[in-house]
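The chain contents come next:
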Amino acid sequence: MTIRVAIHGAAGRMGQRLVALGAADEAVELVAALDNAGAPNAGCDAGELAGAGTIGVPISADWPEACDAVIDFSVPDATDSLVEECVRRRFPLVYATTGIEAEQLQRIEAAAASIPIVKAASMSTAVNLTMKLAEIAGRTLKDLPSGVDVEILERHHRFKEDSPSGTALAFGKILADAMDKPKAAHGREGRVGARPADEIGYHAIRTGDNPGEHTIVFGMLGETIELRVAATNRDCYAQGAYTAAKWIKGKPPGLYDMQDVLGLK
Ligand SMILES: NC(=O)C1=CN([C@@H]2O[C@H](COP(=O)(O)OP(=O)(O)OC[C@H]3O[C@@H](n4cnc5c(N)ncnc54)[C@H](O)[C@@H]3O)[C@@H](O)[C@H]2O)C=CC1
Ligand SMILES: O=C(O)C1=N[C@H](C(=O)O)C[C@H](O)C1
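Residues numbered from 1 in each chain as written. Chains lettered and ligands numbered in written order. Predicted model: local features only at pLDDT ≥ 70, side-chain atom pairs only at ≥ 80, totals over all residues. Heavy atoms only, no water.

Turning our attention to the pattern of salt bridges. Summed over all chains, the structure comprises 22 salt bridges. We note a salt bridge from Arg195 to Asp149, for which the minimum N-O separation is 3.7 Å. Of this pair, Arg195 sits in the loop between strand S8 (183-186) and strand S9 (199-206) while Asp149 sits in strand S7 (residues 149-156); the two residues are 46 residues apart in sequence, bridging distant segments of the chain. Arg195 sits in the partly exposed class, given a relative accessible area of 25%. Take Asp149: its relative accessible area is 31%, and that puts it in the partly exposed class. Residue Asp162 pairs with Lys160 through a salt bridge whose shortest N-O separation is 2.8 Å. A residue is classified by how much of its surface remains accessible, and Asp162, at 18% relative accessible area, is buried. (Salt bridge = Lys/Arg side-chain N within 4 Å of Asp/Glu carboxyl O. Helix = DSSP H or I, 4+ residues; strand = E, 2+ residues; numbered from the N terminus. Buried < 20%, exposed > 50% of the residue type's maximum accessible area, 1.4 Å probe, protein only.)

Okay, the packing of helix H5 (residues 125-141) against helix H6 (residues 166-179) next. At a closest axis distance of 8 Å, the pairing of H5 and H6 adopts a crossing angle of 25 degrees. Of the possible angle classes, the one that applies to H5 and H6 is roughly parallel. Handedness of the crossing formed by H5 with H6: right-handed. Residue-level contacts link Val127, Thr130, Met131, Ala134, Glu135, Gly138, Arg139 and Leu141 of H5 to Thr167, Ala170, Phe171, Ile174, Leu175, Ala178 and Met179 of H6. Classifying every residue of the contact of H5 with H6 by side-chain character gives 10 nonpolar, three polar and two charged. (Axes fitted to C-alpha atoms, helices over the stretch in contact; angles between N-to-C directions. Parallel < 35°, antiparallel > 145°, perpendicular 65-115°, else oblique. Left-handed = near helix turned anticlockwise from the far one by under 90°. Contact = heavy atoms within 4.5 Å. Nonpolar A, V, L, I, M, F, W, Y, C, P; charged D, E, K, R; others polar.)

Averaged over all residues, the pLDDT of the protein is 97; the fraction at 70 or higher stands at 100%. Across the assembled chains, the prediction reports ipTM 0.99 with pTM 0.98. (pLDDT = per-residue confidence, 0-100.)

Close to ligand 1 lie 21 residues, the nearest being Arg13, Asp35, Thr98, Ala121 and Met123. Between ligand 1 and the protein, one listed contact pairs an oxygen atom with a backbone N or O atom of Gly12 at 3.0 Å. Interatomic distance of 3.1 Å between a backbone N/O atom of Ala120 and a nitrogen atom of ligand 1. Protein coverage of the free-state accessible area of ligand 1, which is 870 Å², stands at 80%. Taking a 2 Å distance to the grid points as the criterion, the majority of the atoms of ligand 1 fall inside the largest pocket. Along the lines of polarity and charge, the residues of the shell around ligand 1 split into 10 nonpolar, eight polar and three charged. (Near = heavy atom within 4 Å. Polar contact = N/O pair within 3.5 Å; in protein donor to acceptor, adjacent residues only side chain to side chain. Areas by Shrake-Rupley, 256 points an atom, 1.4 Å probe, with all protein chains shown as cover. 1 Å grid on protein atoms, 1.4 Å probe; cavity = no way out; pocket = protein on both sides within 12 Å on 5 of 7 lines; lining within 4 Å. Sits in = over half its atoms within 2 Å of the grid points.)

Next up on the list: the domain arrangement of the protein. Along its sequence, the protein is organised into domain 1 (3-123 + 234-261) and domain 2 (125-230). When each unit is reduced to the centre of its C-alpha atoms, the spacing between domain 1 and domain 2 is 28 Å. Counting every contact that joins domain 1 to domain 2 gives zero salt bridges. Counting the contacts that link domain 1 with domain 2 gives seven residue pairs in polar contact (both at pLDDT 80 or more). By residue class, the composition of the side of domain 1 that touches domain 2 is four nonpolar, four polar and two charged. (Domains from an automatic or database assignment.)

This next bit is on the site of ligand 2. Around ligand 2 lies a shell formed by Thr98, Ala121, His156, His157, Lys160, Asp162, Ser165, Gly166, Thr167, Pro211, His214 and Tyr237. His156 places a side-chain nitrogen or oxygen 2.6 Å from an oxygen atom of ligand 2. The side chain of Lys160 places a nitrogen or oxygen atom 2.7 Å from an oxygen atom of ligand 2. Protein burial of ligand 2: of its 320 Å² of free accessible surface, 85% is covered by the chains. Residues that form the shell around ligand 2 fall into these classes: three nonpolar, seven polar and two charged.

Structure below.
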């Protein structure tokens, strides 16, 4: 079975890997490489830009007539127009952009009443499995007599604009719910006093070309557990997005995540 896929944000770091992997996948037909109308690469062949050879699909703002899934890795500001087009055309959406505002999330949730949407801060199978492991760890350690401190460390490339990462926030939400820790602290400076028990700490490191790394620290008295998951390149996210695009075809409207796609619920 072949699926027709449009990439939204096709000229970007992730978009180019999606184009390259899609061009090499017999089960994928790339029907559009969408990007900002004013993008410097508009009109270039998307395959050439991605280093995958000519594929005959230009980087453009022109939407395809038909499509089985739109895969989005773009920018928060593009969310509203993206969601509007997908709803108007009844195109299923795999949404991977992070750093969105509450209103943008509400629009995605509203759109899921008419089209199927998979939304996940990380499309990586390894990251989603680690989320499951973190949830088990959190529930198991919740009532430990010595108490358990949770800190989330993330490292990304110098170009990343949002922090903490969407994935760090997703880990945080899972652990806040599982362990009843509603407070968040983003870094620490000065004489802040002893660490509150109901707080999750977030630390965002930005260096070089790191494609994404997350460490969840469970600190107890006398023992420490660390769950670490690290990408060595961006293909884990791109492969996961294609897994979601193949899964979403034919699904009823609704808001899904990668835990649904991977059967981890
Ligand atoms: N969920 C996941 O697994 C992952 C999510 N991401 C997220 O994906 C997003 C993109 O990441 P990168 O590729 O590194 O960024 P990037 O900056 O390299 O690419 C973004 C692309 O979006 C394009 N764009 C801007 N406005 C647009 C519009 N109105 N319509 C269509 N395209 C538009 C830009 O021209 C650019 O080509 C970020 O939010 C990042 O955090 C990144 C990796 C994995
Ligand atoms: O911007 C990135 O690169 C990444 N962003 C996502 C996030 O914010 O969690 C996913 C991945 O870690 C790479």
